[in-house]
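Here are the chains, one letter per residue:
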Amino acid sequence: MKTTPFTDIHIALGAKMHEFAGYNMPIEYNGIKEEHMNVVNNVGVFDVSHMGEFWVKGPKALEFLQKVSSNDASKLAVGQIQYSCFPTENGGILDDFLLYRYEEDKYMMVPNAANVEKDWAWCVKHNTMGAELENGSDHIAQLAVQGPKATQVMQKLTSIDLSEIPYYTFKVGEFAGCPNVILSNTGYTGCGGFELYFYPEYAETIWNALFKAGKEEGIMPAGLGARDTLRLEMCFCLYGNDIDERHSTLESGLGWITKLVDGKEAMIGRQILLDQKANGLQRKLVAFELLDKGVPRQHYEIANEAGEVIGEVTSGTMSPALKKGVGMGYVKTEYSKVGTPIKIVVRGRGLAAEVVKPPFRK
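Note that the structure is a prediction, hence the values are computed from the model and not measured. (Residues numbered from 1 in each chain as written. Predicted model: local features only at pLDDT ≥ 70, side-chain atom pairs only at ≥ 80, totals over all residues. Heavy atoms only, no water.)

Student: What's the story with the overall build of the chain in this structure? I'm lost.
Tutor: Scanning the chain from N- to C-terminus turns up 8 helices and 19 strands. Scaling as 2.2 N^0.38, a compact globule of 362 residues should have a C-alpha radius of gyration of about 21 Å, and the chain matches this with 21 Å. When its C-alpha atoms are laid out on the principal axes, the chain stretches across 60 × 50 × 40 Å. Taken over 362 residues, the chain has a buried fraction of 57%. Within the chain, residue pairs in contact and separated by at least 24 positions form 65% of the contacts whose partners lie at least 6 positions apart. Surface summary for the chain: the accessible area is close to 15,600 Å², and the carbon and sulfur share equals 50%. Computed over 37 positive and 45 negative side-chain charges, the separation of the two mean positions in the chain equals 6 Å. (Helix = DSSP H or I, 4+ residues; strand = E, 2+ residues; numbered from the N terminus. Rg over C-alpha atoms; globule rule 2.2 N^0.38 Å. Buried < 20%, exposed > 50% of the residue type's maximum accessible area, 1.4 Å probe, protein only. Contact = heavy atoms within 4.5 Å. Areas by Shrake-Rupley, 256 points an atom, 1.4 Å probe, with all protein chains shown as cover. Lys, Arg positive; Asp, Glu negative; His and termini not counted. Charge placed at Lys NZ, Arg CZ, Asp CG, Glu CD.)

Student: Whenever I open this one, the UniProt feature "domain: Aminomethyltransferase C-terminal" (unreviewed entry) in the chain confuses me. Can you help?
Tutor: Taken from the UniProt record, the annotation "domain: Aminomethyltransferase C-terminal" (unreviewed entry) applies to residues 283–360. In the segment residues 283–360, helix accounts for 0% and strand for 55%; the C-alpha atoms at its two ends are 21 Å apart. (UniProt positions renumbered as here; feature names shortened; annotations may be inferred.)

Student: Can you walk me through the packing of helix H2 (residues 32–41) against helix H7 (residues 224–233) in this structure?
Tutor: Packed helices, taken two at a time, are described by the angle between their axes plus the distance between the axes. It is the contact of H2 with H7, at a shortest axis distance of 8 Å, that shows an interaxial angle of 55°. The orientation of H2 relative to H7 falls into the category oblique. Read as a crossing pair, H2 and H7 show a hand that is right-handed. In this structure, H2 contributes Ile32, Glu35, His36, Val39 and Val40 to the contact, and H7 contributes Gly225, Ala226, Thr229, Leu230 and Glu233. (Axes fitted to C-alpha atoms, helices over the stretch in contact; angles between N-to-C directions. Parallel < 35°, antiparallel > 145°, perpendicular 65-115°, else oblique. Left-handed = near helix turned anticlockwise from the far one by under 90°.)

Student: Whenever I open this one, the pairing of strand E1 (residues 16–20) confuses me. Can you help?
Tutor: Put simply, side chains in a regular strand alternate between the two faces of the sheet. With 5 bridges connecting them, E1 and strand E2 (residues 23–28) associate as antiparallel partners. Looking across to E2, one finds that Lys16 is bridged to Glu28. Between the end of E1 and the start of E2, which pair antiparallel, lie 2 residues, with Ala21 showing a positive phi angle near 55°. (Pairing = 2+ DSSP bridges.)

Student: Sorry if this is basic, but what is going on with the nonpolar core here?
Tutor: Counting 36 residues, the largest nonpolar core has Phe46, Tyr100, Met108, Val110, Tyr197 and Ile243 as the members making the most contacts within it. Breaking this core down by element, the ones donating at least two residues are strand E5 (81–87), strand E6 (93–103), strand E7 (106–111), H7, strand E14 (283–290) and strand E17 (325–332). When residues of this core are assigned to domains, at least three map to each of domain 1 (6–51 + 139–233) and domain 2 (282–361). Setting aside residues no more than four positions away along its own chain, Phe46 makes contact with Val39, Gln142, Leu143, Ala144, Gln146, Thr189, Ala222, Gly223, Ala226, Arg227 and Leu230. Phe6, Tyr29, Ala150 and Leu157 belong to the second-largest nonpolar core, a separate cluster that totals 32 residues. (Core = buried A, V, L, I, M, F, W, Y, C linked by side-chain atoms within 4.5 Å. Domains from an automatic or database assignment.)

Student: Teacher, can you tell me more about the sheet that holds strand E8 (residues 132–135) here?
Tutor: Strands pair in a sheet through their backbones, by hydrogen bonds, and they do so in one of two ways: parallel or antiparallel. The strand order E5-E6-E7-E4-E8 describes an open sheet built from 5 strands, whose pairing is antiparallel. Of all strands in the sheet, those bounded by a partner on one side alone are E5 and E8. If you compare each strand with its neighbour and ignore which way they point, the axes differ by 25° on average. Across 6 bridges, the pairing between E6 and E7 is antiparallel. Across the sheet, residue Arg101 finds its bridge partner in E7, namely Tyr107. Helix H3 (residues 61–68) contacts strand E4 (54–57), E5, E6, E7 and E8 of the sheet and is inclined by roughly 30° relative to E7. Docked against the sheet, helix H4 (residues 116–125) engages E4, E5, E6, E7 and E8, running at close to 165° with respect to E8.

Student: I keep staring at the pairing of strand E3 (residues 44–47) and nothing clicks. Help me out?
Tutor: Side chains of E3 alternate between two faces, with Gly44 and Phe46 and Val45 and Asp47 buried alike. Summarising the sheet, E3 and strand E9 (residues 141–146) pair through 4 bridges and their orientation is antiparallel. Across the sheet, the residue bridging to Val45 is Val145, located in E9.

Student: Sorry if this is basic, but what is going on with the environment of Lys16 here?
Tutor: For Lys16, the location among the structural elements is in strand E1. Residue Lys16 is classed as exposed on the basis of its relative accessible area of 52%. Taking C-alpha positions, Lys16 is 5.5 Å from Glu28, a pair spaced 12 residues apart along the chain. Contact partners of Lys16, with chain neighbours within four places excluded, come to Met25, Pro26, Ile27 and Glu28.

Student: How should I be thinking about H3 in this particular structure?
Tutor: In an α-helix, one full turn covers 3.6 residues, which means residues spaced three or four apart are oriented alike. Among the 8 residues of H3, 6 are classified as buried, and the element is accordingly described as predominantly covered. Restricting attention to buried positions, one finds in H3 the residues Ala61, Phe64, Leu65, Gln66, Lys67 and Val68. Buried positions along H3 lie against E4, E5, E6, E7, H4 and E8.

Student: I tried to follow the side chain of Ser248 on my own but got confused; where do I start?
Tutor: Mapped onto the secondary structure, Ser248 falls in the loop between H7 and helix H8 (270–279). Here the side chain of Ser248 touches Gln276 through a polar contact of 2.7 Å, side chain to side chain. The contacts of Ser248, once residues within four sequence positions are left out, are Gly91, Gly92, Ile93, Leu273 and Gln276. (Polar contact = N/O pair within 3.5 Å; in protein donor to acceptor, adjacent residues only side chain to side chain.)

Structure representation (structure tokens):
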């Protein structure tokens, strides 16, 4: 298995380690519920160094991005970030990613760890215009410092005014005495905070500085287990569960990052998405809450009140914050309206549930 610059630290702290996307990653330290609620109420630190980073540079950078990404990269100013995805020729989603406009003709894409090789091959294949591409995934480490007290902790370690970095923007500067750190007001938890990108040689320095600075604020390390329950409470899609090559951005509720506008005529999968908009959708991704006691899991069947199968659960858990079963799944469009009663089939028994407006944790 691959390691991150923090792997030895996780092991020394007694984390439960497991393979994820080819990496030896911490799943939990003191328990998923405890780590989850500490991020909701205080501040937690996630090692996300396994994520990918691709640089797109040069005068052809924007033309390339307008072809391979669903969102409109021309709207990005330097210092701004955009959520987007790679649409496929058949309208599916190859992966989702964050796009940073680092300089005038320099962008950074951050795809999912499990898809780095697939995404890189896709970018190379579709770079017909000659943009400068560089896979920097092995040369960048990343920590997500998340929670309502994250800014308070981090401000102790930098002279950059973090209050002047709005959501989905970033600045580059010194942090914990380390140069050229990207301070990104983003995250996958819905609890506020930042994601830090830096050279791997600064990993231990930054980790130690964060935990020293955050002692009074109750800082704790958090594993991938809590990261998953936190993102699910916010109804953030997880690639391989809620989004994949079988479902389009429109079916996945990601129409807001699907810009079929002038200047994106070369966008991959554009015509299929236009057809879907014109003809309507057969299925949609919805959020639901269980009314009966139980825990929904991926691949559980979703049925209507008559017991007919109308879809499938893509993600589900017992919400630590709401203390009830919640999940997402694809259903036939006629059952996608908020308030629609549905059933989640658990070991042959249909548990009462209801389609709700996301997110679960307001």
